[in-house]
Amino acid sequence: MTLTIATTPYIDQKPGTSGLRKKVRVFQQARYAENFVQSVFDVLDDFAGQTLVVGGDGRFLNRDVIQTVIRMAAANGFGRVLVGLGGILSTPAASNIIRTYAAFGGLILSASHNPGGPNEDFGIKYNIGNGGPAPERITDAIHARSMVIDRYLTVDILDVDLDRLGETQVAGMVVEVIDPVADYAELMERLFDFDAIRKLIAGGFRLSFDAMHAVTGPYAHDILERRLGAPAGTVTNGTPLPDFGGHHPDPNMVHAHALFDRMFGSDAPDFGAASDGDGDRNLILGRNIFVTPSDSLAALAANAHLAPGYAGGLKGIARSMPTSGAADRVAHALGLPLHETPTGWKFFGNLLDAGMATICGEESAGTGSDHVREKDGLWAVLLWLNILAVRGESVAAIMAGHWARFGRNYYARHDYEGLETAAAEQLVSELRAALPALPGRTTGSLTVAGADEFEYLDPVDGSLSRGQGLRLQFEGGARIVFRLSGTGTSGATLRVYLERYEGPDGVLDAETPAALADLIAAADHLAGIPRHTGRTAPTVIT
Ligand code: G16
């Protein structure tokens, strides 16, 4: 029997860059998750009898909230829920399942690369029927609904056994616990030349994949070790844990330092990679080389035709605005359209659906294609492996060849985490106000050529997204972008994106900090970072 439970709104349920992310203790408040889930259901139309996909990255609260979602889905009239065994579904696998089974949509429970555990973070994200994150029109409606919600619907049933494959009836709805890996692994087999990769590995090519005790463990064990024959032990930290073993499942120099150490050590493997909490980000390393996400996007786009799934070429390339212009050079050389979107994978969905782009990427370690509607960590790893198998060169040689052909965009992102929100907002508003006066101004050896705030007019649905980052363009092509993160859960994070282009005949093997030193000083100076934040150095450099 459906129960209608009275509730009152929480005023902090505005989805950020990627869904609602909060501390676990916030989600543990009475009716908090229920309010948000009901707000999602309340703004959707015509889902009676349809299928909802549910799963998450295994973090603390994952199983509890899955049971809540199942009860509420039954009460709200869904016909079927597909849930990953053990409550596990990586974000790209969930996207694939929504598409493969023509589900109405899905709820993905994750706070991505943020840490997990009772004192850390949790999140809920709604994905639409194309498998991609809900666009702003829907997330805005969810937020508006959450501000006035006065009841939620549920049923009074026992928990569903998430550890047994198969179907159960729940208050007139079918719950099917599915293998979270199989459909995804088969999709990867269709896109990539597994025989070639198998041969590469059998020939002595060594790789190391750090699953960071997050969701990609089961996927990487199955695909890299079982299907592609990499030796046991290739996948490290391969068991998803509710607190990710006490670490941040964030594949960067700071949190994946063990992998960095291995790849820059004396007996380094040929290839190193890692993924994040929910499996949509990737980190790519070769022996003694870190490939920045922006460079990885460019190299993958330039070489994608070597993989069977992309042998016909690309329709276009899309990147988020703060991502470096490396992909633009590839698009230009290949005669492909290049789309520049705001930060947030949701902005790629329309371009992919409309066939305007095949490969998309972001500086925040996200790369993906039109095979799903999310970024996809293991997909990037497999495309790299396919390219390495065909070209028979090292990662370092491929990147050196890439820069010799297209030039190099030296690039870094400096994050100032845990700032006081008011101070961070003040910095941004002062800089915004100063933009019109900046062109012509000189700082060090740099002269500002243009300054604006990025806004995006979606070419498919005509929607306009304002306030998407402050851009300073310098004479000679260097660039600094400032924006506040939309994924943090405490205080504010200022992101400063720095980029300088060096042509094919220039210096292509400089150290990035040296190549960007002028820009780093200019960013401090023009935005008054130390003055506003009291910080003289970033918390994390990626
Ligand atoms: C999410 C979004 C990405 C975005 C990233 C960083 O990634 O899906 O599109 O680039 O956050 O966003 P921000 O700079 O606002 O923190 P993920 O992997 O956290 O879901």
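Residues numbered from 1 in each chain as written. Predicted model: local features only at pLDDT ≥ 70, side-chain atom pairs only at ≥ 80, totals over all residues. Heavy atoms only, no water.

A look at the UniProt feature "domain: Alpha-D-phosphohexomutase alpha/beta/alpha" (unreviewed entry) in the protein
Under the feature "domain: Alpha-D-phosphohexomutase alpha/beta/alpha" (unreviewed entry), the UniProt entry names residues 13–145, 183–285 and 294–406. Helix makes up 38% of residues 13–145 and strand 23%, with an end-to-end C-alpha separation of 10 Å. Across residues 183–285, the secondary structure splits into 36% helix and 15% strand, with the terminal C-alpha atoms separated by 27 Å. (UniProt positions renumbered as here; feature names shortened; annotations may be inferred. Helix = DSSP H or I, 4+ residues; strand = E, 2+ residues; numbered from the N terminus.)

Describing the sheet that holds strand β15 (residues 317–320)
On the basis of which strands lie adjacent, the open sheet formed by 4 strands has the order β16-β15-β17-β18 and mixed pairing. If you trace the sheet from one side to the other, it starts and ends with β16 (338–341) and β18 (366–369), each paired once. Here the average twist between neighbouring strands, direction ignored, is 15°. The strands that helix α11 (residues 326–334) touches are β15 and β16; relative to β15, the one it contacts most, it runs at about 165°. Relative to β18, helix α13 (residues 377–391) is tilted by about 75°, and along the sheet it contacts β17 (359–362) and β18. (Pairing = 2+ DSSP bridges. Axes fitted to C-alpha atoms, helices over the stretch in contact; angles between N-to-C directions. Contact = heavy atoms within 4.5 Å.)

Things to note about the environment of Gly355
Residue position: Gly355 is located in the loop between α12 (349–353) and β17. Taking relative accessible area as the criterion, Gly355 reaches 31% and is therefore assigned partly exposed. Spatially, the C-alpha atom of Gly355 lies 28 Å from that of Ile223, the residues being 132 residues apart in sequence. (Buried < 20%, exposed > 50% of the residue type's maximum accessible area, 1.4 Å probe, protein only.)

Concerning the site of the ligand
Taken together, 19 residues sit near the ligand, with Glu362, Arg483, Ser485, Thr487 and Arg495 positioned nearest. Measuring from an oxygen atom of the ligand, one finds a backbone N or O atom of Trp345 at 2.9 Å. Contact distances for the ligand include 2.7 Å between an oxygen atom and a side-chain N or O atom of Ser364. Against a free-state accessible area of 460 Å², the protein chains account for coverage of 99% of the ligand. Cavity membership is defined here by more than half of the atoms lying within 2 Å of grid points; on that basis the ligand lies in the largest cavity. (Near = heavy atom within 4 Å. Polar contact = N/O pair within 3.5 Å; in protein donor to acceptor, adjacent residues only side chain to side chain. Areas by Shrake-Rupley, 256 points an atom, 1.4 Å probe, with all protein chains shown as cover. 1 Å grid on protein atoms, 1.4 Å probe; cavity = no way out; pocket = protein on both sides within 12 Å on 5 of 7 lines; lining within 4 Å. Sits in = over half its atoms within 2 Å of the grid points.)

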